[in-house]
Amino acid sequence: MRIILLGPPGAGKGTQAKMIVKDFKIRQLSTGDLLRENRRQGTDLGKEAQKFMDGGDLVPDSVILGMVAKEFKKPELKPGYILDGFPRTCPQADGLDQLLKDQDLALDHVLVLDVPDSELVRRLTARRSCSECGHIYNLVFNPPKSEGVCDHDGSPLVHRSDDTEETVVNRLKVYKDQTRPLIDHYNPQGLVRLIDGTGNVKDIYDCILKVLK
Ligand code: AP5
């Protein structure tokens, strides 16, 4: 199964993707996570991406498409994948179409998580994630058992540098201007399903399951 998970920053793409991965035994391919890993390792790609990410702007399409094309060659993706945070622009969607065509593959679903802006700002400014396993917490909605420490492996929790209110406002604008229009790219293929991303994480996941099963 090959799925795109589309939605504004903070819509819960990462949270829901991790649940889908577990149940459907497919991989999560998050371009944001890949870029952050490159930054941690101090690669040239990571250094190039840093200025865009810190301002809440998109990393250039050529960089993203090169990175994704490399991932697509990995055998781990054979059983299927969920694309989290990619594509984000029309050129990226065209690039993905070409990558799929080259492998004689097609998408199964494009899920769009919808959440109002005010809720997104609240969620993101209170987000923390595990520096090791990447598990996502929220200081308001889903806090860890012990402050600042991951429940699963005891590693310190980190606050993403782009989760400040100012940067989040720009990320929301970028989503509306450049990413949400992708719904029109996938609508003619009959792949798009809008999911209400507000409310309980488990209830949202149940809505997703209804589409996927
Ligand atoms: P990326 O890492 O992709 O971030 P994003 O799309 O902005 O999305 P987020 O990770 O912020 O949110 P999410 O929807 O995954 O929400 P989460 O589940 O964590 O991109 C970061 C940057 O990298 C970009 O700005 C850009 O610079 C660059 N980039 C990445 N991909 C790119 C691309 N393709 N092209 C160009 N540039 C690219 O949840 C958020 C919080 O809400 C958590 O605290 C969570 O616990 C909480 N939460 C989740 N669900 C609920 C719920 N139902 N109720 C209450 N709280 C909830």
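Scope of this entry: the structure provided in the associated data block. Every chain's residues receive numbers from 1 upward, in the order its sequence appears when written. pLDDT decides what is reported in this predicted model: residues at 70 or higher carry local features, side-chain atom pairs at 80 or more are listed and counted, and totals for whole chains, interfaces and linings draw on all residues regardless. Water and hydrogen atoms play no part in the side-chain values, which are based on all heavy atoms of the structure.

On to the overall build of the protein. Helix and strand assignments come from DSSP, with helices taken as H or I runs of at least 4 residues and strands as E runs of at least 2, each series counted from the N terminus. Within the protein, the secondary structure is distributed over nine helices and eight strands. This radius of gyration counts C-alpha atoms alone. The globule rule is 2.2 Å times how many residues there are, raised to the power 0.38. By the compact-globule yardstick of 17 Å for 213 residues, the protein fits well, its C-alpha radius of gyration being 17 Å. We score Asp and Glu as negative and Lys and Arg as positive, and we do not count His or the chain ends. A single reference atom marks each charge: NZ on Lys, CZ on Arg, CG on Asp, CD on Glu. For the protein, the centre of its 31 positive side-chain charges and the centre of its 32 negative side-chain charges are spaced 3 Å apart.

Before going further, it helps to spend a moment on the sheet that holds strand S1 (residues 2–6). Two strands qualify as a pair provided DSSP detects at least 2 bridges between them. Taken together, five strands build an open sheet; the order of strands is S2-S3-S1-S4-S8 and the sheet is parallel. At either margin of the open sheet sits one strand with a lone partner, and together these are strand S2 (27–30) and strand S8 (192–196). Neighbour to neighbour, the strand axes of the sheet diverge by 25 degrees on average, direction disregarded. Direction of pairing for S2 relative to strand S3 (residues 81–84): parallel, over a ladder of four bridges. Here, axes are lines fitted to C-alpha atoms. For helices the fit covers the stretch in contact, and angles between N-to-C directions go from 0 to 180 degrees.

Our next topic: the site of the ligand. Working definition: residue near molecule or strand if any one of its non-hydrogen atoms lies within 4 Å of it. Neighbouring the ligand are 34 residues, the closest being Thr-15, Asp-57, Arg-88, Arg-127 and Arg-171. At 2.9 Å, a side-chain N or O of Arg-36 approaches an oxygen atom of the ligand. In the analysis that follows, any N or O atom pair within 3.5 Å is treated as a polar contact, provided that within protein one partner can donate a hydrogen and the other can accept it, and provided that, for residues neighboring in sequence, both atoms belong to side chains. One nitrogen or oxygen atom from the side chain of Asn-138 is found 2.9 Å from an oxygen atom belonging to the ligand. Starting from 1,000 Å² of accessible surface for the ligand in isolation, the protein chains cover 96%. If you list the elements that add at least two residues to the shell around the ligand, you get helix H1 (13–24), helix H2 (31–41), helix H6 (117–125), strand S6 (136–138) and helix H9 (201–212). The element best represented in the shell around the ligand is H2, accounting for four residues. Each residue is assigned to one of three groups, with Ala, Val, Leu, Ile, Met, Phe, Trp, Tyr, Cys and Pro labelled nonpolar, Asp, Glu, Lys and Arg labelled charged, and all others, Gly among them, labelled polar. Its residues assigned to classes, the shell around the ligand comprises 15 nonpolar, ten polar and nine charged. Accessibility throughout is a Shrake-Rupley quantity obtained with a 1.4 Å probe, and a residue counts as covered only by protein chains that appear here.

Turning to the packing of aromatic side chains, a few remarks are in order. One pair of aromatic rings is described through two measures. These are the centre distance and the angle between the planes. Any two rings among Phe, Tyr and Trp, with Trp reduced to its six-membered ring, count as a pair given centres within 6.5 Å; such a pair is stacked if its planes are under 30 degrees apart, edge-to-face if over 60, and tilted if neither. For the structure shown, the criterion picks out one aromatic pair. An angle of 45 degrees between the planes, with centres 5.1 Å apart, marks the rings of Phe-72 and Tyr-81 as tilted. Across the pair, exposure class does not vary: Phe-72 and Tyr-81 are buried alike. Burial classes follow relative accessibility: with a 1.4 Å probe on protein chains only, a residue under 20% of its type's maximum area counts as buried, one over 50% as exposed, and anything between as partly exposed.

Here we come to H1. Over its twelve residues, H1 runs 16 Å from end to end, which matches the ideal 16 Å to within 8%, given 1.5 Å per residue. Burial in H1 covers these residues: Lys-13, Gly-14, Gln-16, Ala-17 and Ile-20. Projected down its long axis, H1 shows its buried positions confined to an angular sector of 160 degrees, all on one face. Backbone geometry just after H1 places Lys-25 at a positive phi near 55 degrees. What a helix is expected to span follows from its residue count: subtract one and scale by 1.5 Å. Note: the arc covers the axis-to-C-beta directions of the helix.

A word on the environment of Pro-188. Locating Pro-188 in the fold gives a position in the loop between helix H8 (182–186) and S8. Sequence separation between Pro-188 and Val-149 is 39 residues; the distance between their C-alpha atoms is 45 Å.

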